[in-house]
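The chain contents come next:
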Amino acid sequence: MLTEYTNQLLQSMQRVFGAQSEMGLATEQLSRQLLEYEKKNFALGKGDEEVITTLQSFAKTVGELNSLHSVLANQMADSMVFPLIQFREKDLTGRTTHIHTYTQTHTMHEAAMVKYSRLPKKKENEKLKTDLVKEVAYTRRKQHQASLQYYCALNALQYRKRVAMLEPMLGYTQAQISFFKKGIELVSKKMDNFLSSVSNMTQSIQAQLDTEAEAMRASQRELLSVEDTVYMPDKDTEPVNRTLIQKAGYLNIRNKTGLVTTAWDRLYFFTQGGNLMCQPRGAVAGGMVLDLDNSSVMAVECEDRRYCFQITSPSGKTSMILQAESKKEYEEWICTVNNISRQIYLTDNPEAVAIRLNQSAIQAVTPITSFEKSSGSQKTGAAPEPEDLIAPGTPIQFDIMLPASEFQDQNRAGGRRTNPFGETDDDYSLLQQVFAVRFLGSMAVRCGDNQEVIYEAMRQVLAARAIHNIFRTTESHLMVTSSSLRLIDPQTQVTRISFQLGEVCQFAAHQENGRLMGFLVEGRDWSDGDEEGEPSFSAFVFESNTEGEKICYTISLAKDITEAKKDPEALAELMKNMPLTNDGKFLLLEPETDDMTNGAGQEDLESEA
């Protein structure tokens, strides 16, 4: 029973010692963790300087407490656990040794007594009898000695048991008293002042929190009291900022999911330096999508969606179509990408450079006197306002893309391509002249009876190309015949677009920049359900390798021939005044030998307009 109780008591004391040792290790780890706070770069770091200083003081205090816990653990091991272990191993285990010795002597005595009891009564052997008597006496002495030692050990155990029960608790209590005394010395008046200041600081922070919380609640009430229009998309009241060099927000990106199918994904985009970055949902960081240096950006029409724009790499091999949420975001993204593509962010003061370029762009789209001068001979009375000629915000098309279906139809077996130097599919034509031109842009206009529309369209197309950093154009051949105008691809001889000469209602060349020319085309708009359709007008602007006046003269001559065809006498009179080719088939104009050399092989030229 004593051994079992001693083992249970020792197990309890070892548990206390283990907990105290773990306390020392835990406080040591706590001290190290408090010091780690300073090394963390938290995003919300307001007021962290005071917290860092206070935690360092606490870490020092916890370190000192850790040393006290370590000393207490050592004292528990020496004065509480070790005496009880010694009592169990020396006294309780020694009792077992005495029992074993007594058992052996008792066995020896019993064996000697068996031999002595067998001595014969009739025939005695004195020598044998003497030996057995001595053996019995010896074993009895040994048994007596062993029993006395065992009894003494049991008597001593009664005293050692009481000492063994009290001594460990005495050592434990003394160790705890020593620990608390040193703790009282540690928590001195200086420590009391420190704890008081920390308590005041926490109360001050709580008061600031209460004030801030009340201010936030008031702000929430004020913000939530506004009209629902504030939350509606495309209801921005702030003006568009065209000088941004950084932009971030959600955009829809068009991804190709099959040969002819696409899908739109809403992702978070942001600019970083000269790169466009994208961060998918759930990702810890963004990745680069496109290098914006020297890239181009323009508004596009895409799948009947609003606010779409396209960003194209300098090489033209990589492009992406994005959709903004509102018109303001749409315009700011286009301006931001355009500013970055010019590498404004690399300058010493990018904001000032962006503002200066924006002012230049505003000046570029402001009516200038050169266009008024060039059209001065055509004007009568007050000059019309630009809004009367072209609706504000009218989109501009910078290239004429031939649909794949039309391209296949024109190149299908049996089809004929346009031959700019021979016969065409038209009826007999007196006039055929080809000019090398570069298409700059086209846009819808409001009227077709005024050449001012052409000059205003030239100004807006050139200004838009400058704003959107679009300088490269594709060379084409403009064929002027006595019945139509055709824009032909010089490599494939495929007609990109054609107009009947009767549809061309105005044409003019710029007087200051002689290589610029344009014309107006009249069409019909049946969107209102009218059987005849409302008249609609479009302006087309070109840059030629020759004088624009020469193209205008050729178009004028073609119109004269068209009118003269109605009167045979007038046609004959016109042909008398015009030189013909040797075969008498075409009118002879000034050849464009210099302008047409290697014209078909030049593509993606940079416009000098």
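Per an unreviewed UniProt entry, the protein is named DCC-interacting protein 13-beta, and its organism is Scophthalmus maximus.

Peer 1: Any details on the overall build of the protein? Residues and values, ideally.
Peer 2: Per the secondary structure count, the protein includes 13 helices and 16 strands. With 609 residues in all, the protein has 37% of them scored as buried. When contacts within the protein are restricted to residue pairs at least 6 apart in sequence, long-range pairs at least 24 apart make up 67% of them.

Peer 1: Give a detailed account of the pattern of salt bridges, specifying residues and quantitative values.
Peer 2: Here the structure, examined in full by the defined rule, presents 17 salt bridges. The closest approach of N and O atoms between Glu331 and Arg242, which form a salt bridge, is 3.1 Å. Taken together, the residues span a long stretch of sequence, with Glu331 in helix α5 (residues 327-341) and Arg242 in the loop between α4 (189-224) and β1 (248-256) at a distance of 89 residues. The class for Arg242 is partly exposed, based on a relative accessible area of 35%. Here Arg496 makes a salt bridge to Asp489, at a shortest N to O gap of 3.4 Å.

Peer 1: Break down the packing of helix α1 (residues 2-36) against helix α3 (residues 126-186) for me, with residues and values.
Peer 2: The contact between α1 and α3 brings their axes to 12 Å, and the two run at 10°. Classified by the angle between their axes, α1 and α3 sit roughly parallel to one another. From α1, Leu2, Tyr5, Thr6, Leu9, Met13 and Val16 reach across to α3, where they touch Leu157, Lys161, Met165, Pro168, Met169 and Tyr172. Split by residue class, the contact of α1 with α3 holds 10 nonpolar, 1 polar and 1 charged.

Peer 1: Explain the sheet that holds strand β3 (residues 275-279) residue by residue, including any values.
Peer 2: Spatially, the 7 strands line up as an open sheet ordered β4-β3-β2-β1-β7-β6-β5, and their pairing is antiparallel. Edge positions in the open sheet fall to β4 (287-291) and β5 (296-299), since each of these has one partner strand only. Averaged over all pairs of adjacent strands, the angle between their axes in this sheet comes to 40°, without regard to strand direction. Here β5 pairs with strand β6 (residues 308-312) via 4 bridges, running antiparallel. In the sheet register, Ala299 faces β6, and the bridge partner there is Phe309.

Peer 1: Now, about the pairing of strand β7 (residues 319-323): what can you tell me, with residues and values included?
Peer 2: With 4 of 5 residues buried, β7 is to be regarded as a mostly interior element. As judged from the 2 bridges shared by β1 and β7, these two strands associate in the antiparallel manner. What sits directly across from Ile253, in β7, is Leu322. Sheet topology places β6 next to β7; 5 bridges connect them, and they run antiparallel. The partner of Thr312 across the bridge, within β7, is Ser319. Linking β6 back to β7 in an antiparallel pair, the connection comprises 6 residues, with Gly316 at a positive phi of about 80°.

Peer 1: Give a detailed account of helix α10 (residues 452-467), specifying residues and quantitative values.
Peer 2: Compared with the 22 Å implied by 1.5 Å per residue over 16 residues, the 22 Å span of α10 between its first and last C-alpha is a close match. Most of α10 is tucked away, with 12 of its 16 residues classed as buried. All buried positions along α10 are accounted for by Glu452, Val453, Ile454, Tyr455, Glu456, Ala457, Met458, Arg459, Val461, Ala463, Ala464 and Arg465.

Peer 1: Explain the packing of aromatic side chains to me, using residue names and the numbers behind them.
Peer 2: As enumerated under the stated definition, the model contains 13 aromatic pairs in all. Where Phe309 meets Tyr330, the ring centres are 6.5 Å apart and the plane angle is 55°; that geometry is what we call tilted. Residue Phe309 is located in strand β6, and its partner Tyr330 is located in helix α5; the two are separated by 21 residues in the primary sequence. A single burial state applies to Phe309 and to Tyr330, both of which are buried. With centroids separated by 5.7 Å and ring planes inclined at 20°, the aromatic side chains of Phe519 and Phe540 adopt a geometry described as stacked. Here Phe519 is found in strand β14 (residues 516-525), whereas its partner Phe540 is found in strand β15 (residues 534-544), with 21 residues between them in sequence.

Peer 1: Account for the pairing of β14, with residues named and values stated.
Peer 2: Pairing between strand β13 (residues 504-509) and β14: 5 bridges, direction antiparallel. By the bridge assignment, Ala509 is partnered in β14 with Met517. In textbook terms, the turn of a hairpin is the stretch between consecutive antiparallel strands, and for β13 and β14 this stretch comprises 6 residues. Judged from the 10 bridges that link them, β14 and β15 form a sheet pairing that is antiparallel. Following the sheet pairing, Leu516 is matched in β15 by Glu543.

Peer 1: So, the confidence of the model for the protein: which residues are in play, and what are the values?
Peer 2: Residues of the protein with pLDDT of at least 70 account for 82%, and the chain-wide mean is 80. Every residue in residues 364-381 is under pLDDT 50, and counting partners more than four places away or in other chains gives 28 contacts. In this model residues 591-609 is a low-confidence stretch, pLDDT under 50, and it forms 45 contacts with partners more than four residues away in sequence or in other chains.

Rules of the game
- Residues numbered from 1 in each chain as written.
- Predicted model: local features only at pLDDT ≥ 70, side-chain atom pairs only at ≥ 80, totals over all residues.
- Heavy atoms only, no water.
- Helix = DSSP H or I, 4+ residues; strand = E, 2+ residues; numbered from the N terminus.
- Buried < 20%, exposed > 50% of the residue type's maximum accessible area, 1.4 Å probe, protein only.
- Contact = heavy atoms within 4.5 Å.
- Salt bridge = Lys/Arg side-chain N within 4 Å of Asp/Glu carboxyl O.
- Axes fitted to C-alpha atoms, helices over the stretch in contact; angles between N-to-C directions.
- Parallel < 35°, antiparallel > 145°, perpendicular 65-115°, else oblique.
- Nonpolar A, V, L, I, M, F, W, Y, C, P; charged D, E, K, R; others polar.
- Pairing = 2+ DSSP bridges.
- Expected span 1.5 Å × (residues − 1).
- Phe/Tyr/Trp six-rings, centres within 6.5 Å; stacked < 30°, edge-to-face > 60°.
- pLDDT = per-residue confidence, 0-100.

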